[in-house]
Number of protein chains: 2
Amino acid sequence: MVDSPEVPATALTIPSRPLRTLSNDQVESIHEASLRILEETGILVQSECGLDLLARAGAEVDRSTQWVRLPRELVLKAISLAPQRFTLYARNPARNVEIGGDQLVLAPVGGPVMVSDRDYGRRSGTYVDQVNFIKLAQQARVLDMPYRCVEAMDRHPNTRDLDYLYAAIRYSDKPLAVMSLNAQAARDCLAMAAIVFGGPEAMAGRSVILGGVNVDSPLRFSETTVEHLFAFAEAGQPISVTPFAMPGVMSPASLGGALAQQNAEALAGIVLVQLIRPGAPVVYGSFSTVADMRTTAPVFGTAEGMLMEIAAGQLAERYRLPRRGLGMVTTTHFVDAQAGWEKMNCLWTLAMSNTHLLIHAAGWLDSGMTASYEQFAIDLEMLASFERFLKGFDVDDVPLAVEDVAKSGPTGSYLLSERTLSAYREIARISPLVDSRSFDAWSAEGAPTLYNRANPLWKKWLVEYEDPGLDPAIDDALRAYMASRGVPPAE
Amino acid sequence: MVDSPEVPATALTIPSRPLRTLSNDQVESIHEASLRILEETGILVQSECGLDLLARAGAEVDRSTQWVRLPRELVLKAISLAPQRFTLYARNPARNVEIGGDQLVLAPVGGPVMVSDRDYGRRSGTYVDQVNFIKLAQQARVLDMPYRCVEAMDRHPNTRDLDYLYAAIRYSDKPLAVMSLNAQAARDCLAMAAIVFGGPEAMAGRSVILGGVNVDSPLRFSETTVEHLFAFAEAGQPISVTPFAMPGVMSPASLGGALAQQNAEALAGIVLVQLIRPGAPVVYGSFSTVADMRTTAPVFGTAEGMLMEIAAGQLAERYRLPRRGLGMVTTTHFVDAQAGWEKMNCLWTLAMSNTHLLIHAAGWLDSGMTASYEQFAIDLEMLASFERFLKGFDVDDVPLAVEDVAKSGPTGSYLLSERTLSAYREIARISPLVDSRSFDAWSAEGAPTLYNRANPLWKKWLVEYEDPGLDPAIDDALRAYMASRGVPPAE
């Protein structure tokens, strides 16, 4: 009713993160197992410059197989150089966020190639959809930054990264985060960020654009992955390293075993970053899921995935590294009860364990294959409600309430009391998605489910979008840079 | 996949309950405010024997208004006599549960007069529906006891309580819990329980049937409520006392103020029980909801309701009383994304705060007006998944996993490894409700939502129901008792 998610953002503040699933000894045994994996089995590094760097640092490099074994001293020393937290600066300083403190920084989904809404169903994503989601993320108070949301399948693959970043800069003044498809695009994104933030030197001193790589589990760092790490670390920009080690598929068939491998993979990526640029900001990522062995497809928001996520948070805490958690993810293909179930399971687990960054916090549907406008709106309302929850309440007004009770007496009424009439808007934030009418009244209006009710909400937010504006000189410079890279303007 | 909820029950074990929303000082200030409400404003007691009892105990009783002011010494002394925990015995000792320890005891919904399923839609509940739900609760591993679920609207109101209890005894060997419509029915239920548990004397020494009353907030104890308290306390049987103090409607217009009144109401009921029979088991109940002030209807699973529930748990902890929490409740009229969202919000909050008994843990829909078969199945799967989560995992197999990694090497495959093939059923419990196929495969089969997929699941469980049997002598005695009370057999 009040406090709707349209007003400016601040990250969720979570002073206490009580969830633990491993004892300290168990954390140590996962840590030891990860070191053994890196030392005895090692990683595959499909990059000559990556191999050179690791060899110079004292790793045991086999040039013919590209296998690299990492001595534990090398690993421990490198990861100790990574900062525990960093500020991600936005072009509007009021939008800066800290990653690694007591905030949970939220970004919407990235990755889907399909988009869906109630009006036109499920279809290929377009640049217009991408811009819509950027505007929605800009407008949403509970989201700290826009993210890729859906691929612009109507744009050329080689230029999509630049298209996205341009749109994110143009339509939002929140921090920038990219997922680039190739290393050249990553470098282009960094160059564009430099245009916004006063040039490469000015940019190197602070984090202004967050990159991300996935490790190709098990234990493979592709040429693209390593080049991304080089590009971001050399530019002094933060990057997250996120394995995807489903137990029994891409890692050993146990939660603890998968966790040991996942931890080894994240650490190896972080080692690479620290060897490239000691002290560069980096994010420890996890994306813990289990497979449905009937289909070998990943299943999201399960008990086992959540247990691994909590444990990953404990490991990141042990290394004093900022952590990215799984996201508000779900296996379901439709905005149904399973979406609410699995997403709330993720939100509670991740918010209450050691997590600092949550990508895929809005819009994710269909195992990450589809970005849904209705689910996006619902996720924002879930987050707004959770944010209200985290704020708690004070009891300063309790003595006044005791007087109210004395005045009303037993069986008294409060509905029309002076204090109720002045305070009722503050008692509770009722989501505009909630329909508290009777069943009959609801039926008479066509029995709209939450999915149906979410449809006008995201459209309302889109209509209410406020353009933060962009300095025309920066806009021109960005367009000129994109033109120089052969990217035709999208509009 | 494995570990489906059909096998025998044990309550969820939750050793750590980390959620707190009030400081100790704030808990004290709510406590103080509640004592002031009881001392200065007092309660309405619409029962002569209740007034007699309170007057004898030293309360300030106004016979003309039936207002009773409770001195704080009286309150504090009485509540200190209530036990911190008790065992609720079942006719099958393997089904006994403890209320007040580190278990969260779960029962399905109670109260709805409507029932719904996908096949026949929403309609009046019948005795057949009630029996179906008792059988499902008996069969469900995660439910600790059956509960009323839906009213048998095809039975006479005066006899419904006996009908329900007979069916619960006949079709389930789990503990008994009743919600009776009038005081005579409460006494009849206690008499029937005595038949099952060896007579009134044998029964008085242990808890075998759990009763419950609601306080008519604000601060009213009706004749029926007080008679219930007398009946259960005199029989030495446990009873829960649950206010329903929506802020700004039945209590002051602030969360803290509503909480102070709610706490005063629960304490007053517990005082009555302890005056009737010192040391009788009793449950501190809360049912914290806020109103949508546009309709004044209650809204369930909100941030504010959850904050009040956590605080209520802290108060019960302060008094060392077993606590009943709100339930897995939702405002939504249909099994949609809102149901998953609000129910998971409730489950996480209540399981992670000080809660020992959760009624309305399965089947609740439509603000408690409807019991849904499909929602019942979904709730059981949510609970089974949460139970799996609570079990955590061990890391003993991690050294073996490190060897697996060494054997597979970087980029190795685990899918067909010996250990995966032998262990994959144990890696994860994938709910039979989860559909991990591709969107296209799912669409080709008619795009079934979770609601649709839940329909065959509860039917399967009903088919698999195993009759625990009942001693024919007890059965005859129960039927004879019911006949003596003018209750015609239901079948």
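Going by the structure above, here's the rest.
A brief report on the enclosed structure follows.

Definitions and limits used
- Residues numbered from 1 in each chain as written.
- Chains lettered and ligands numbered in written order.
- Predicted model: local features only at pLDDT ≥ 70, side-chain atom pairs only at ≥ 80, totals over all residues.
- Heavy atoms only, no water.
- 1 Å grid on protein atoms, 1.4 Å probe; cavity = no way out; pocket = protein on both sides within 12 Å on 5 of 7 lines; lining within 4 Å.
- Points joined across faces, edges and corners; volume = space filled by probe spheres on them.
- Helix = DSSP H or I, 4+ residues; strand = E, 2+ residues; numbered from the N terminus.
- Nonpolar A, V, L, I, M, F, W, Y, C, P; charged D, E, K, R; others polar.
- Expected span 1.5 Å × (residues − 1).
- Buried < 20%, exposed > 50% of the residue type's maximum accessible area, 1.4 Å probe, protein only.
- Arc of directions from axis to C-beta.
- Contact = heavy atoms within 4.5 Å.
- Polar contact = N/O pair within 3.5 Å; in protein donor to acceptor, adjacent residues only side chain to side chain.
- Least-squares fit on C-alpha atoms with pLDDT ≥ 70 in both.
- Salt bridge = Lys/Arg side-chain N within 4 Å of Asp/Glu carboxyl O.
- Phe/Tyr/Trp six-rings, centres within 6.5 Å; stacked < 30°, edge-to-face > 60°.
- Lys NZ or Arg CZ within 6 Å of the ring centre and 35° of its normal.
- Pairing = 2+ DSSP bridges.
- Axes fitted to C-alpha atoms, helices over the stretch in contact; angles between N-to-C directions.

Section: empty space enclosed by the protein
Here is step 1: Per the stated rule, a full pass over the model turns up eight cavities of 30 Å³ or more.
Here is step 2: In this structure, the largest cavity spans a volume of roughly 130 Å³.
Here is step 3: Lining the largest cavity are 14 residues; nearest its centre among them are A:Ser385, A:Arg429, A:Ser431, B:Thr302 and B:Trp341.
Here is step 4: Going through the elements one at a time, α12 (373-391) of chain A together with α10 (303-318) and α11 (337-352) of chain B are the ones with two or more residues in the lining of the largest cavity.
Here is step 5: Every residue lining the second largest cavity is counted, 14 residues in all, and those nearest its centre are A:Thr302, A:Trp341, B:Ser385, B:Arg429 and B:Ser431.
Here is step 6: Considering only residue class, the lining of the second largest cavity consists of six nonpolar, four polar and four charged.

Topic: helix α17 (residues 472-484) of chain A
Residues and elements named next belong to chain A.
Here is step 1: With 13 residues, α17 should reach 18 Å at 1.5 Å per residue; the first-to-last C-alpha distance of 18 Å fits that figure.
Here is step 2: Looking at α17, one finds that the buried residues are Ile474, Asp475, Leu478 and Met482. Buried residues of α17, viewed axially, fall in a sector of 100°; they line one side. Those residues of α17 that are exposed and aimed more than 90 degrees away from the buried face are Pro472, Ala473, Ala483 and Ser484.
Here is step 3: Packed against the buried residues of α17 are α5 (160-171) and α6 (183-196).
Here is step 4: Sitting at the amino-terminal end of α17 is aspartate 471, which places a side-chain oxygen 2.9 Å from the backbone nitrogen of alanine 473.
Here is step 5: Following α17 by one or two positions, glycine 486 has its phi on the positive side, about 80°.

As for the relation of the copies chain B and chain A
Here is step 1: Rotating chain B by 180° and moving it 0.0 Å along the rotation axis overlays it on chain A with an RMSD of 0.0 Å. The superposition operator between the copies reduces to a two-fold rotation axis.
Here is step 2: Looking at the interface residues of chain B, 100% of them are also at the interface in chain A, so both copies use one shared face.

Some details on the pattern of salt bridges
Residue and element names in this part refer to chain A.
Here is step 1: Summed over the entire model, instances satisfying the criterion amount to 62 salt bridges over all chains.
Here is step 2: Of the charged contacts in the structure, one is a salt bridge between aspartate 379 and lysine 343, with a shortest N-O distance of 2.7 Å. Of this pair, aspartate 379 sits in helix α12 while lysine 343 sits in helix α11 (residues 337-352), and the two are 36 residues apart along the sequence.
Here is step 3: Residue class for lysine 343 comes out buried when judged on its relative accessible area of 0%.

Things to note about the side chain of B:Thr302
All names here are of chain B.
Here is step 1: Topologically, threonine 302 is positioned in the loop between β16 (297-299) and α10.
Here is step 2: Among the residues examined, threonine 302 registers a relative accessible area of 7% and is labelled buried.
Here is step 3: A polar contact is formed between the side chain of threonine 302 and the backbone nitrogen of glycine 305, at a distance of 3.0 Å.

Some remarks on the packing of aromatic side chains
For any pair of aromatic rings, geometry is given as the distance between the ring centres together with the angle between the planes.
Here is step 1: Taken as a whole and judged by the stated rule, the model has 27 aromatic pairs over all chains.
Here is step 2: With centroids separated by 6.2 Å and ring planes inclined at 50°, the aromatic side chains of A:Phe287 and A:Trp364 adopt a geometry described as tilted. Taken together, the positions of A:Phe287 in the loop between β14 (282-285) and β15 (290-292) and A:Trp364 in strand β19 (residues 364-365) put the pair 77 residues apart, joining distant regions of the chain. Judged on exposure class, the residue A:Phe287 and its partner A:Trp364 are both buried.
Here is step 3: Considering the side-chain rings of A:Phe300 and A:Trp364, the 5.0 Å spacing of their centres and the 75° angle between planes classify their relative orientation as edge-to-face. Here A:Phe300, found in the loop between β16 (297-299) and α10 (303-319), pairs with A:Trp364, found in strand β19; they are 64 residues apart in sequence, far enough to count as distant.
Here is step 4: Of the residues examined, A:Phe300 reaches a relative accessible area of 3% and is grouped as buried.
Here is step 5: Put simply, the rings of A:Trp348, A:Phe386, A:Phe389, B:Trp348, B:Phe386 and B:Phe389 pair up and form one aromatic cluster.
Here is step 6: Cation over ring: A:Arg122 sits above B:Phe439, and NZ or CZ is 3.7 Å from the ring centre.

Topic: unusual backbone geometry
Here is step 1: Here the amide bond leading from A:Ser217 into A:Pro218 is cis, since omega sits at 5°, within 30 degrees of zero.
Here is step 2: With respect to the helices and strands, the residue A:Pro218 is situated in the loop between β11 (209-214) and β12 (220-221).
Here is step 3: Positioned with a positive phi, A:Ala447 is a non-glycine residue whose angle comes to about 50°.
Here is step 4: Within the fold, A:Ala447 resides in the loop between α15 (439-444) and α16 (450-464).
Here is step 5: The phi torsion at B:Cys149 lies on the positive side, around 60°, for a residue other than glycine.
Here is step 6: One can find B:Cys149 in the loop between α4 (127-139) and α5 (160-171).

Observations regarding the pairing of strand β7 (residues 103-106) of chain A
All names here are of chain A.
Here is step 1: Along β7, one buried face is formed by Gln103 and Val105 and the opposite face, lined by Leu104 and Leu106, is buried too.
Here is step 2: Looking at chain direction, strand β1 (residues 12-13) and β7 are connected through two bridges and run antiparallel. Residue pairing for β7: threonine 13 is matched across the bridge by glutamine 103.
Here is step 3: By the bridge criterion, two bridges tie β7 to strand β18 (residues 357-358) in an arrangement that is parallel. In the sheet register, valine 105 faces β18, and the bridge partner there is leucine 357.

Focus on the sheet that holds β12(A)
Residue and element names in this part refer to chain A.
Here is step 1: In spatial order, the strands read β3-β4-β2-β12; together these four strands make up an open sheet with mixed pairing. A strand with exactly one partner marks an edge of an open sheet, and here the two such strands are β3 (60-62) and β12.
Here is step 2: Sheet topology note: the β3/strand β4 (residues 67-69) ladder contains three bridges and is antiparallel. For aspartate 62, the partnering residue across the bridge sits in β4 and is tryptophan 67.
Here is step 3: Packed onto the sheet, helix α1 (residues 24-41) meets β2 (43-45) and β4 and runs at close to 125° relative to β4.

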